[in-house]
2 protein chains.
Amino acid sequence: MALTTEQRVHRAAVKLFAAKGFHGTGIRDLAQAAGISSASLYHYMGTKEDLLVGIMRECLDRLLLAARQTLDTMDEPADPADALSALVTLHVMAHAAQPDETRVVDNEVSALSRPARRRIVGLRDEYEDIWVTTIAKGVAAGVFDAPEPAVTRLALLEMCTGVARWYSPRGPLPLDRLAARYAQLALRMLGSPSPPGGKAAERAREVAAQVWRIRP
Amino acid sequence: MALTTEQRVHRAAVKLFAAKGFHGTGIRDLAQAAGISSASLYHYMGTKEDLLVGIMRECLDRLLLAARQTLDTMDEPADPADALSALVTLHVMAHAAQPDETRVVDNEVSALSRPARRRIVGLRDEYEDIWVTTIAKGVAAGVFDAPEPAVTRLALLEMCTGVARWYSPRGPLPLDRLAARYAQLALRMLGSPSPPGGKAAERAREVAAQVWRIRP
């Protein structure tokens, strides 16, 4: 199926912003990569910042959706170790499947104007709150040991986000094994005696496959 | 002491490359930030890529120097858990003390031309080899459990590198406590029963204070 002009522009923007940065990408680079004129570009997409906000929104919306679909639809509340395995699985799979998109989200927040930044940081906070709650539940239940939970959360998130920088689907490690390995590392960081896996982690793999169209 | 023109240009470049990316920074931005003309800039610093290579070299040279000064000058060979604590301490302190410099190193390798990239990636590999060896020694000694040592190493490095993205010296957490917390997380990831700390980790704090001029 042929891509629409909007889709072509969106893809070109993701690629260019990830490779050259938002400030390093000109309107003319974008138009050229999408095969249209600068005037049409503006007609289809508005400003360069509108494009950036669109990419970030979509990326964060998907992460939020995936986390909620995984954790909220469980019949019974997942145990904290299982829920954390699920969050790690989703975050790793998202960053491995969409390295360019996530790189733009992670690197370009400072390029946003104040109102746009507030919206995007709000979405990011909403997503990170799910991690905050999951870690707090585990600490309260006595299955996690995190003397400074915020430090542990940031360490976990940066570790999983970093996958976007080095993982290659052409490498020797299949994505589900990578995600399982990271879930193990995460539970160890929290001093959890549970092995990774469980119903929520399994559901996370299904949701990730759907949301980011990852082939099994 | 007043800064030399070279130092002013170097600082301006670090700041601009970190904030706007290499491609997003023009020669004129650099000259203006350093308070000189574009022609003088070229005279003092050569091309924009020369500046980038200089920043990356200096940053990686310091990391390498610090790792060697810490591990090679120990009277007796450090045990692997202590050596890993030391590497984590150095890496965390470097990234917290020089968030802009390390961000440039981590984000802009793809902006380098092929010969420069080979040199810089060579330095980075030299540095990462110290981590490879330390992890391998721990696995061989039976004190580390890392079924896929390369995955564990990359997870560790990304976790510690991420400090540059969120740590603020104005926050509530002193740098040495952050480093100690990260060393604990790292040893947990490796399934090590040892507590973090030891002679090498202590030496790492001294070396870091010297190399990155961190106030105790």
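Up top is the structure.
Remember, it's a predicted structure, so these values are computed and weren't measured experimentally.

Asks: Could you give an account of unusual backbone geometry, naming the residues involved and the relevant values?
Replies: Look at A:Arg213: it is not a glycine, yet its phi comes out positive at around 50 degrees. Position of A:Arg213 among the secondary structure elements: in the segment after helix 11 (199–211).

Asks: Mind laying out the pattern of salt bridges, listing which residues take part and the relevant values?
Replies: Applying the stated rule across the entire model yields 18 salt bridges over all chains. Measuring nitrogen to oxygen at the nearest pair gives 2.8 Å for the salt bridge that ties A:Glu126 to A:Arg68. Of this pair, A:Glu126 sits in helix 7 (residues 114–140) while A:Arg68 is found in helix 4 (residues 48–71), placing the two residues 58 residues apart along the sequence. The exposure class assigned to A:Arg68 is partly exposed, which follows from its relative accessible area of 37%. For the salt bridge of B:Lys20 with B:Asp29, the shortest nitrogen-to-oxygen distance reads 3.6 Å.

Asks: So what's going on with the packing of helix 4 (residues 48–71) of chain B against helix 5 (residues 80–97) of chain B? Which residues, and what values?
Replies: Residues and elements named next belong to chain B. Contact pair helix 4 / helix 5: the axes reach a minimum separation of 10 Å and the direction vectors enclose 150 degrees. Taken together, the axis directions place helix 4 and helix 5 in an arrangement best described as roughly antiparallel. The handedness of the crossing between helix 4 and helix 5 is right-handed. Counted together, Leu-63, Ala-66, Ala-67, Thr-70 and Leu-71 of helix 4 and Ala-83, Ala-86, Leu-87, Leu-90, His-91, Ala-94 and His-95 of helix 5 form the full contact between these two elements.

Asks: Explain the packing of aromatic side chains to me, and be specific about the residues and the numbers.
Replies: We describe a pair of aromatic rings using the distance from one ring centre to the other and the angle between the two ring planes. Per the counting criterion, the structure on display carries four aromatic pairs over all chains. Each ring, one from A:Trp166 and one from A:Tyr167, has its centre 6.2 Å from the other, and the planes form 75 degrees; the classification is edge-to-face. A relative accessible area of 23% places A:Trp166 in the partly exposed class. Arranged with centres 5.3 Å apart and planes meeting at 65 degrees, the rings of B:Phe17 and B:Phe22 form a pair that is edge-to-face.

Procedures and definitions
Residues numbered from 1 in each chain as written. Chains lettered and ligands numbered in written order. Predicted model: local features only at pLDDT ≥ 70, side-chain atom pairs only at ≥ 80, totals over all residues. Heavy atoms only, no water. Helix = DSSP H or I, 4+ residues; strand = E, 2+ residues; numbered from the N terminus. Salt bridge = Lys/Arg side-chain N within 4 Å of Asp/Glu carboxyl O. Buried < 20%, exposed > 50% of the residue type's maximum accessible area, 1.4 Å probe, protein only. Axes fitted to C-alpha atoms, helices over the stretch in contact; angles between N-to-C directions. Parallel < 35°, antiparallel > 145°, perpendicular 65-115°, else oblique. Left-handed = near helix turned anticlockwise from the far one by under 90°. Contact = heavy atoms within 4.5 Å. Phe/Tyr/Trp six-rings, centres within 6.5 Å; stacked < 30°, edge-to-face > 60°.

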